[in-house]
Amino acid sequence: MKFEDLLLETGGFGRFQILILLILCLPRINLPMHFLLHNFLAATPSHHCAIPYQEAFVNLSMEEVLLISIPREPDGTLRSCEMFSQPQFHLLLNSSLQPENSSIIQHCQHGWVYDHSQFTSTISTQWDLVCEQRGLNQATATFFFIGVTMGAVIFGYLSDRFGRKAMLLLSLVCSVIFGMLSAASISYSMLAVTRTLTGVALSGVSLIILPLGMEWVDIQHRTFSGVLTSIFWSIGNMLLAMVAYFVREWHWLLVAVTGPCLLSIVCLWWVPESARWLIANGKVKQAHRHLLTCARMNGRKDFAVSTEVRNGRSRHVRMATDKKQGGNYSYISLFRTPVLRKISLCSGAVWFGVAFSYYGMSMNLTGFGLNMYFSQFVFGIIEIPAKMIVYVLVNRVGRRPSQAWALILTGLCIGANVIIPKSFTSLRSVVAVMGKGFSEAAFTTVYLYTSELYPTVLRQNGMGYTSFMARLGGALAPLVFLLDEVWRSLPEVTYCGIAVCCGSVAFLLPETLNVRLPEGIEDVE
């Protein structure tokens, strides 16, 4: 008997499934509040070199001191990283006569002065991560995503080995511990280490939530459950904008986005282990208990698990027995057989492109001429209609074309903003919001699509591998912004090219619309 048939006997999709999905959506809200936190945690306010007091400045106003101490950009703004080696008093007579002799200009010697009108403090202002240290500021996001990358490998394997629920609980507890330690950081090194470990822990949450919910849902409601879970990511996106708006001090901002994990830990008590995983691993009695609970909640009190399953002779148990005789599955199993190998290589490329372009857009809040809090909120709210459209498209058009075109159109929108002049602020903002919508559509589809491509015995390994590729893209995305020193538009061109290429690779994957979830490798092959 197929597991889908057992689910139908327990009521298919009822109160039990809705309760599980809603509980699993709580930690889903918390994920973007950490994954996109870099926008506010490491924000760099306007700044200029600190000018030491001199007796010659006694009768000068602060504006005049800055005028004779700091060179100007062509647009008249103060340079952020340079100062005059000696005060240029002649500028008091004619400020337009900016010195052309570069020998009298030097890097900041006495630190920086920051504009605190928008942020009370960020890690940039705390440890002067500006100018020559700008790379360390961007690296903070990279450290976090390196942690997420490592966590994808670790939790992908552990959740297939020890179960979905236990590993989800472990990852949530670790997220609270390392999140609070990050908030208490007293040095940049401590912050880098704790943010990396937070990324490892949160990777487990990100990786396990969707498959755990999906494995309790029948074929007809898989898309609905995937999109519902994804919508709560967008809600978290919007909540991040509001929390960051009211909490302008980086220590307390970390506390504010980590605290909700405690509620998720409490609520996880009511979420059962995946019955699919239990059956696939020979734990039929425990699966039987959960299925009976499911049937009772769904109003199917007459449900009785078939004799075939009760006696342990189901295809799932035979498969689990065969697995134990042949050794445990691992990441290497993803590449041993031809069809799985092709799926793994192509889906890995797609996940890399999706995450690379998504975080490239999400971490460029100030690049489109909008207020960064407003940009964060709009980028979150545009994701909801994008997910609604995905819900229709993946059921009508199919998973494969939806995935491919969403990612390709994301790249084209990013590329369009390279061509559109900076003066067309409104048009650039519209194109950016459209690109963000396509990007989110690609992310929503890839989560659903990938969980349907891999068999139950390898699903978390598959999700772990693809999540590893995604986090690799996420880790590289913030560093690409440093390429603007080579050519101002090079970061956008890079995001565009990767998105279009990886979107094209999605056409090589098999379609999974209305196909049963595979249980063993032979189902895929």
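For clarity, every value in this text was computed on a predicted model and none was experimentally measured.

Visitor: Describe the side chain of Glu440, naming the residues involved and giving the relevant values.
Guide: If you trace the backbone, Glu440 turns up in helix α20 (residues 425–453). Setting aside residues up to four positions removed in sequence, Glu440 forms contacts with Ser230, Trp233, Tyr358, Glu383 and Lys387.

Visitor: How would you explain the domain arrangement of the chain if you had to name every residue and give the values?
Guide: When the domains of the chain are assigned, the result is domain 1 (1–38 + 128–325), domain 2 (47–114) and domain 3 (331–524). Placing the centre of domain 1 and that of domain 3 at their C-alpha centroids yields a distance of 20 Å. Across the contact, 55 residues belong to domain 1 and 54 residues belong to domain 3. Roughly 4800 Å² of surface becomes buried between domain 1 and domain 3 when both sides are summed, with 64% attributable to carbon and sulfur atoms. Taken as a group, Arg222, Thr223 and Met238 account for 12% of the area that domain 1 buries against domain 3, more than any other trio of residues on that side. The interface formed by domain 1 and domain 3 contains two salt bridges. Residues Glu215 and Arg459 are paired through a salt bridge, measuring 3.2 Å at the closest nitrogen-oxygen approach. Counting across the interface, domain 1 meets domain 3 through 18 residue pairs in polar contact (both at pLDDT 80 or more). When contributions to the side of domain 1 that touches domain 3 are tallied by element, the ones reaching two or more residues are α1 (3–9), α2 (15–35), α6 (134–162), α8 (188–214), α9 (222–246), α12 (275–280) and α15 (315–326). In terms of residue count, α6 provides more of the side of domain 1 that touches domain 3 than any other element does, 17 residues in total.

Visitor: Please give an account of the state of the cysteines that cites residues and values.
Guide: In the structure shown here, the tally under the stated rule is two disulfides. Linked covalently through their sulfurs, Cys81 and Cys131 form a disulfide whose S-S length is 2.0 Å. One quick way to see it: the torsion about the S-S bond of Cys81 and Cys131 is about -95 degrees, and its sign makes the bridge left-handed. Placement of Cys81 in the loop between α4 (62–69) and β2 (82–84) and of Cys131 in the loop between α5 (123–127) and α6 is noted, with a sequence separation of 50 residues between them.

Visitor: Could you give me a rundown of helix α18 (residues 383–396), with the residues and numbers involved?
Guide: The first and last C-alpha atoms of α18 sit 20 Å apart over 14 residues, in line with the 20 Å expected at 1.5 Å per residue. Looking at α18, one finds that the buried residues are Glu383, Ala386, Lys387, Val390 and Val394. Take α18 and look down its axis: the buried residues cluster within an arc of 95 degrees, on one side only. Turned more than 90 degrees away from the buried face of α18 sit Ile389 and Arg396, all of them exposed. Residues of α18 that are buried make contact with α9, α16 (338–362), α17 (372–381), α19 (399–419) and α20. One or two positions beyond α18, positive phi appears at Gly398, with a value near 120 degrees.

Visitor: Give me the layout of surface pockets: which residues, what numbers.
Guide: Roughly 310 Å³ of internal volume is contained in the second largest pocket. Contributing to the lining of the second largest pocket are 18 residues, with Ile389, Leu393, Gly437, Phe438 and Ala441 lying nearest its centre. Secondary-structure elements contributing two or more residues to the lining of the second largest pocket are α18, α19 and α20. Per-element tally for the lining of the second largest pocket: the top contributor is α20, with six residues. Across the lining of the second largest pocket, the residue classes break down as 15 nonpolar, three polar and no charged.

Visitor: With reference to specific residues and values, describe a nonpolar patch on the surface.
Guide: Taken together, the side chains of Leu19, Val266, Trp269 and Trp270 define a hydrophobic patch exposed on the protein surface, amounting to about 500 Å² of accessible area. Along the chain, Leu19 turns up in helix α2. For Leu19, a relative accessible area of 33% corresponds to the partly exposed category.

Visitor: Residue-level account of empty space enclosed by the protein, with values.
Guide: This model, assessed by the stated rule, comprises five cavities of 30 Å³ or more. Lining of the largest cavity is provided by Arg28, Ser230, Trp233, Tyr358, Tyr359, Glu440, Phe443, Thr444, Tyr447 and Arg471. The element contributing the most residues to the lining of the largest cavity is α20, with four residues. When its residues are assigned to classes, the lining of the largest cavity shows five nonpolar, two polar and three charged. When residues of the lining of the largest cavity are assigned to domains, at least three fall in each of domain 1 (1–38 + 128–325) and domain 3 (331–524). If you add up the space inside the second largest cavity, you get close to 60 Å³. Along the walls of the second largest cavity sit Arg28, Leu210, Gly226, Thr229, Ser230, Thr444 and Tyr447, which together make up its complete lining.

Visitor: Tell me about the environment of Thr229, residues and numbers included.
Guide: With respect to the helices and strands, the residue Thr229 is situated in helix α9. Here Thr229 falls in the buried class, since its relative accessible area comes to 4%. Dropping the residues within four chain positions of it, Thr229 is found in contact with Leu21, Cys25, Arg28, Ile209 and Leu210. Looking at Thr229, its side chain comes within polar contact range of the main-chain oxygen of Ser225, at 2.8 Å.

Visitor: So what about the side chain of Ser357? Which residues, and what values?
Guide: Tracing the backbone through its elements, the reader meets Ser357 in helix α16. One polar contact links the side chain of Ser357 to the main-chain carbonyl oxygen of Gly353, over a distance of 2.8 Å. Residues within four places of Ser357 in sequence aside, it is in contact with Leu407, Thr410, Ile414, Ser439 and Ala499.

Visitor: Describe in detail the packing of aromatic side chains, supporting the description with residues and values.
Guide: Applying the stated criterion to the full structure yields 26 aromatic pairs. Geometrically, the ring pair formed by Phe224 and Tyr391 is edge-to-face, given 6.5 Å between the ring centres and 75 degrees between the ring planes. Of the two residues, Phe224 sits in helix α9 while Tyr391 sits in helix α18, which places them 167 residues apart along the sequence. Of the residues examined, Tyr391 reaches a relative accessible area of 32% and is grouped as partly exposed. For the pair Tyr359 and Phe443, a centre-to-centre distance of 6.3 Å together with 85 degrees between the ring planes defines the contact as edge-to-face. Residue Tyr359 is located in helix α16, and its partner Phe443 is located in helix α20; the two are separated by 84 residues in the primary sequence. An aromatic cluster is defined as three or more aromatic residues linked by ring pairs; in this entry it consists of Phe35, Phe144, Phe145, Trp233, Trp351, Tyr358, Tyr359, Phe443 and Tyr447.

Cut-offs and rules
- Residues numbered from 1 in each chain as written.
- Predicted model: local features only at pLDDT ≥ 70, side-chain atom pairs only at ≥ 80, totals over all residues.
- Heavy atoms only, no water.
- Helix = DSSP H or I, 4+ residues; strand = E, 2+ residues; numbered from the N terminus.
- Contact = heavy atoms within 4.5 Å.
- Domains from an automatic or database assignment.
- Buried area = accessible area lost by both parts, 1.4 Å probe.
- Salt bridge = Lys/Arg side-chain N within 4 Å of Asp/Glu carboxyl O.
- Polar contact = N/O pair within 3.5 Å; in protein donor to acceptor, adjacent residues only side chain to side chain.
- Disulfide = S-S within 2.5 Å.
- Expected span 1.5 Å × (residues − 1).
- Buried < 20%, exposed > 50% of the residue type's maximum accessible area, 1.4 Å probe, protein only.
- Arc of directions from axis to C-beta.
- 1 Å grid on protein atoms, 1.4 Å probe; cavity = no way out; pocket = protein on both sides within 12 Å on 5 of 7 lines; lining within 4 Å.
- Points joined across faces, edges and corners; volume = space filled by probe spheres on them.
- Nonpolar A, V, L, I, M, F, W, Y, C, P; charged D, E, K, R; others polar.
- Patch = residues over 30% accessible without salt bridge, like charges linked within 9 Å, V, L, I, M, F, W, Y side chains within 5 Å.
- Areas by Shrake-Rupley, 256 points an atom, 1.4 Å probe, with all protein chains shown as cover.
- Phe/Tyr/Trp six-rings, centres within 6.5 Å; stacked < 30°, edge-to-face > 60°.

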